[in-house]
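Fold and geometry: a report
Okay, here's what each chain looks like letter by letter:
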Amino acid sequence: MRFPARLNYDLTKYIISNKMKKIEKFPLVLMLEPTHLCNLACSGCGRIREYADTIQQMMSLEDCLKSVDECPAPVVTITGGEPFLYEHIYELIPAVLDRGKHVYLCTNGLLLEKALENIEVHPNFYLNVHMDGLEETHDRILERKGTFRIAIEGIKKAKAKGFRVCTNTTIFKDTDLVEIEMLFSLLTDLGVDGILVAPGFDYEAVGEHLFLQRREIEKKFEEVYRMSKRFRFWSTPMYLRFLKGEKKLDCTPWGNPTRNPLGWKAPCYLITDTHYPSFREMMEKTDWNKYGVGKDPRCAQCMMHCGFEPTVVSEIGKSWKDILEMAVWNLS
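Here, residues in each chain are numbered from 1, in the same order as that chain's written sequence. Selection of residues for local features in this predicted model requires a pLDDT of at least 70, selection of side-chain atom pairs for listing and counting requires 80 or more, and totals for whole chains, interfaces and linings are taken over all residues. Neither water nor hydrogens contribute to the side-chain values; these are computed over all heavy atoms in the structure.

Going by what an unreviewed UniProt entry lists, the protein chain is known as Adenosyl-hopene transferase HpnH and is assigned to Geobacter benzoatilyticus. UniProt positions are given in the numbering used here, feature names are shortened, and annotations may be inferred rather than shown by experiment. Reading the Cofactor (unreviewed entry) entry of the UniProt record for the protein chain gives the comment "[4Fe-4S] cluster".

Turning our eyes to something else, we now look at the layout of surface pockets. Take a probe with the size of a water molecule and roll it over the atoms, and the empty space left behind shows itself. In this structure, the second largest pocket encloses a volume near 860 Å³. For cavity detection a 1 Å grid was placed over the protein atoms alone, and a set of points counts as a cavity when a 1.4 Å probe fits there but cannot get out; an open set counts as a pocket when protein lies on both sides within 12 Å along at least five of seven lines, with lining residues being those that have an atom within 4 Å of a point. Around the second largest pocket sit 42 residues that line it, and Asp250, Cys251, Thr252, Pro253 and Thr311 are the ones nearest its centre. Numbering of helices and strands starts at the N terminus; helices are DSSP runs of H or I of at least 4 residues and strands are runs of E of at least 2. Of all the elements in the fold, those that place two or more residues in the lining of the second largest pocket are helix H9 (214-228) and helix H12 (305-315). Here the lining of the second largest pocket takes 7 residues from H12, the largest share from any one element. All amino acids are sorted into three groups, where Ala, Val, Leu, Ile, Met, Phe, Trp, Tyr, Cys and Pro are nonpolar, Asp, Glu, Lys and Arg are charged, and the leftover types, Gly among them, are polar. Class assignment for the residues of the lining of the second largest pocket results in 24 nonpolar, 8 polar and 10 charged. Grid points are joined across faces, edges and corners, and a volume is the space filled by probe spheres set on the points.

Our next topic: the sheet that holds strand S3 (residues 102-107). The rule for pairing is simple: two strands pair if DSSP sees at least two bridges between them. Pairing in this open sheet of 9 strands is mixed, and the strands run S6-S5-S4-S3-S2-S1-S7-S8-S9 from one edge to the other. Whereas interior strands pair on both sides, the edge strands pair on one side only; in this sheet they are strand S6 (194-199) and strand S9 (272-276). Ignoring which end each strand starts from, the neighbouring axes of this sheet average 25° apart. Its contacts with the sheet place helix H7 (residues 147-161) against strand S4 (125-130) and strand S5 (164-171), and it is angled at close to 155° to S5. Structural elements are reduced to axes, namely lines fitted to C-alpha atoms, with helices fitted over the stretch in contact, and the angle between N-to-C directions of any two is expressed from 0 to 180 degrees. The contact rule is simple, with two residues in contact once any of their heavy atoms fall within 4.5 Å.

When accessible area is computed with a 1.4 Å probe and restricted to protein chains, residues below 20% of their type maximum are described as buried, those above 50% as exposed, and intermediate ones as partly exposed. Of the residues making up helix H6 (residues 135-142), those classed as buried are Thr137, His138, Asp139, Ile141 and Leu142. Summarising the contacts, the buried residues of H6 are in contact with S4, H7 and helix H8 (177-189). At the C-terminal side of H6, glutamate 143 shows a positive phi close to 60°.

The omega torsion across glycine 80 and glycine 81 is 20°, close enough to zero to call that bond cis. Looking at where glycine 81 falls in the secondary structure, it is placed in the loop between strand S2 (75-78) and helix H4 (89-98). Here the bond from alanine 266 into proline 267 is cis, since omega is 15°, no more than 30 degrees from zero. Inspection of the secondary structure puts proline 267 in strand S8 (residues 263-267). In this structure, glutamate 143 takes a positive phi of about 60° despite not being glycine. Among the secondary structure elements, glutamate 143 is positioned in the loop between H6 and H7.

Here is the rule: rings of Phe, Tyr and Trp (six-membered ring for Trp) pair when centre to centre is within 6.5 Å. Planes less than 30 degrees apart are stacked, more than 60 are edge-to-face, and the remainder are tilted. Scanning the model with the defined rule gives 12 aromatic pairs in all. Consider the rings of phenylalanine 184 and phenylalanine 231, whose centres lie 5.9 Å apart with planes at 70°: the pair is edge-to-face. Of this pair, phenylalanine 184 sits in helix H8 while phenylalanine 231 sits in the loop between H9 and helix H10 (237-243), and the two are 47 residues apart along the sequence. Each member of the pair phenylalanine 184 and phenylalanine 231 is classed as buried. Through a chain of ring-to-ring contacts, the aromatic side chains of Tyr104, Tyr126 and Trp234 assemble into a single cluster. Whether a charge sits over a ring comes down to the Lys NZ or Arg CZ being within 6 Å of the ring centre and within 35 degrees of the ring normal. The residue whose ring lies beneath arginine 47 is tyrosine 269, and the NZ or CZ to ring-centre distance is 4.3 Å. Lying over the aromatic face of tyrosine 225, lysine 244 brings its terminal NZ or CZ to 4.7 Å of the ring centre.

Attention now moves to the pattern of salt bridges. We define a salt bridge as a side-chain nitrogen of Lys or Arg found within 4 Å of a carboxyl oxygen belonging to Asp or Glu. For the coordinates displayed, the defined rule picks out 20 salt bridges. Among the ionic pairs, glutamate 223 bridges to arginine 226, the shortest N-O distance being 2.4 Å. Of the two residues, glutamate 223 and arginine 226 both sit in helix H9, 3 residues apart, roughly one turn of that helix. Note on arginine 226: relative accessible area 41%, which makes it partly exposed.

Within the secondary structure, glutamate 218 is located in helix H9. Setting aside residues no more than four positions away along its own chain, glutamate 218 makes contact with Leu243, Lys244, Gly245 and Met303.

What follows covers the nonpolar core. Buried Ala, Val, Leu, Ile, Met, Phe, Trp, Tyr and Cys residues form a nonpolar core when they are joined through side-chain atoms within 4.5 Å. Ranked by internal contacts, the top residues of the largest apolar core, which has 95 residues, are Leu92, Phe125, Leu127, Met131, Phe184, Leu187 and Phe233. Top element by residues in this core is H4. It accounts for 6 residues. Ignoring sequence-local partners within four residues, the contact set of leucine 127 consists of Phe84, Leu105, Leu112, Leu116, Ile119, Ala158, Phe163, Arg164, Val165 and Cys166.

Here it is in structure tokens:
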């Protein structure tokens, strides 16, 4: 993803350090899910269905911070569920920042306006608000009236207070790309710092036909790629070219390891085969060669950013064209 200069520096230093030590597999982003509780029941969400039996469980603050210390990733995404429902969220955010990490907090925006009273602006802190369309579409996907307006008001207040705000949009089978372009225009007018966009993942726990097959993803993302020339996308051009079928990338499942109340989720953020008690065990005991397109059928249609954006890091040095494109993109 496109990052501010400070995070770009920290990431570059971290990546070079691992390369010099000849460490082949290292994480870039820790996906920390202290709770799977949510104030919505969206049709496309696999989390609330997969973890229905344990959804009331929460990680202790101590376990959250131990997980941050275990995993060397310079970026921590606090997600869920809805992280503002986590009972220690206002202690967790500053504690992670004090460890020198960059924090992205992913929220549906329903509790954002009130939460802003309890969190402080920090150069390493980013709010990531999920937006799936304009008002009618967004409210339909989230299955509650008024969610769009509440999220938009939260974004406005956050920007007025000086927070860095990005948005995350999922492209589904019935997504109207004309509407998505209108959404991106609105978000740009509101001053959001960046836009993330990715195709939805066909979770086993979700029985509805919402998700795109690989050929459909490629067709839709030809148009999304065109939008990236107009709007401030934080999704990399290499990833977007992969989504439109122009570039081949293999998945890097260990790039975004996930920690939740049951442990370290393996093999990836999207697929669960087991949970390990420690980050080290997850990295060492997972048979990474079993997963990926052509290996595991669950991976066949996956083109999600959590698996393929980390691959961009390892691929970028292999082509001068990619290096130039990324340099221009970062400076533009």
